[in-house]
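Here is how the chains run, residue by residue.
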Amino acid sequence: MPEETLFKTEQTSTRAEAAAYLRAIADKLDADGTVHLSGGPDALDMTIPERFEFEVKAERETSKSGGTPELSLELEFEWKEGVETEAGGGALEIK
């Protein structure tokens, strides 16, 4: 299936700034699920359904030249348009 990027932004951030973005998303999830994204000339409104796939991934990527590894923590919300996601999956703990 071809992938279409609807919105993308990337920036250097402090932990406090990233926490503020995550809190804003959490507040929207607690409300009606509608998230407004804007960055530069781009903007997008998305409504996250009540139930969706939530993926957390931690990775280490090492270049072939043996440079300093790059670490990442990715949070992904995924759902099919107009389709209710079934319950299931394991329990995530964040401590």
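What this report covers is the structure whose coordinates are included nearby.

Thresholds, definitions, all that
Residues numbered from 1 in each chain as written. Predicted model: local features only at pLDDT ≥ 70, side-chain atom pairs only at ≥ 80, totals over all residues. Heavy atoms only, no water. Helix = DSSP H or I, 4+ residues; strand = E, 2+ residues; numbered from the N terminus. Buried < 20%, exposed > 50% of the residue type's maximum accessible area, 1.4 Å probe, protein only. Contact = heavy atoms within 4.5 Å. Areas by Shrake-Rupley, 256 points an atom, 1.4 Å probe, with all protein chains shown as cover. Lys, Arg positive; Asp, Glu negative; His and termini not counted. Charge placed at Lys NZ, Arg CZ, Asp CG, Glu CD. Phe/Tyr/Trp six-rings, centres within 6.5 Å; stacked < 30°, edge-to-face > 60°. Patch = residues over 30% accessible without salt bridge, like charges linked within 9 Å, V, L, I, M, F, W, Y side chains within 5 Å. Salt bridge = Lys/Arg side-chain N within 4 Å of Asp/Glu carboxyl O.

1. Focus: the overall build of the chain
A tally of helices and strands in the chain yields 1 helix and 4 strands. Written out in order from the N terminus, the α and β elements of the chain read α-β-β-β-β. Summarising its shape, the C-alpha atoms of the chain cover approximately 45 × 35 × 35 Å along the three principal directions. For the chain, the proportion of its 95 residues judged to be buried stands at 6%. A separation of at least 24 residues holds for 38% of the contacts in the chain among residues at least 6 apart in sequence. Summing over all exposed atoms, the chain offers an accessible surface of approximately 8900 Å²; the carbon and sulfur share of this is 49%. Between the centroid of the 10 positive side chains of the chain and the centroid of its 22 negative side chains there is a distance of 8 Å.

2. Quick notes on the packing of aromatic side chains
This model, assessed by the stated rule, comprises 3 aromatic pairs. Judged by centre distance (6.4 Å) and plane angle (65°), the rings of phenylalanine 52 and tryptophan 79 are edge-to-face. On the criterion of sequence distance, the pair formed by phenylalanine 52 in the loop between β2 (42-47) and β3 (53-61) and tryptophan 79 in the segment after β4 (70-78) is long-range, its members being 27 residues apart. Judged by its relative accessible area of 23%, tryptophan 79 falls in the partly exposed class. A ring pair is formed by phenylalanine 54 and phenylalanine 77, whose centres lie 5.2 Å apart and whose planes are at 65°; its orientation type is edge-to-face. Taken as a pair, phenylalanine 54 in strand β3 and phenylalanine 77 in strand β4 lie far apart in primary sequence, 23 residues in all.

3. With respect to a nonpolar patch on the surface
On the surface, a nonpolar cluster with roughly 710 Å² of combined accessible area is contributed by Leu22, Phe54, Val56, Leu73, Leu75, Leu92 and Ile94. Elements with a minimum of two residues in the nonpolar patch: β3 and β4. Tracing the chain through its elements places leucine 92 in the segment after β4.

4. A look at the pattern of salt bridges
With the rule as written, the count across this model stands at 3 salt bridges. A salt bridge links lysine 57 to glutamate 55; its shortest N-O distance comes to 3.7 Å. Its relative accessible area of 31% is what places lysine 57 among the partly exposed residues. Using a relative accessible area of 35% as the deciding quantity, one classes glutamate 55 as partly exposed. A salt bridge links glutamate 93 to lysine 95, with the nearest nitrogen and oxygen atoms 3.3 Å apart. By relative accessible area, lysine 95 is classed as exposed at 90%. Bridged by salt links that share partners, the residues Glu55, Lys57 and Glu59 form one connected network.

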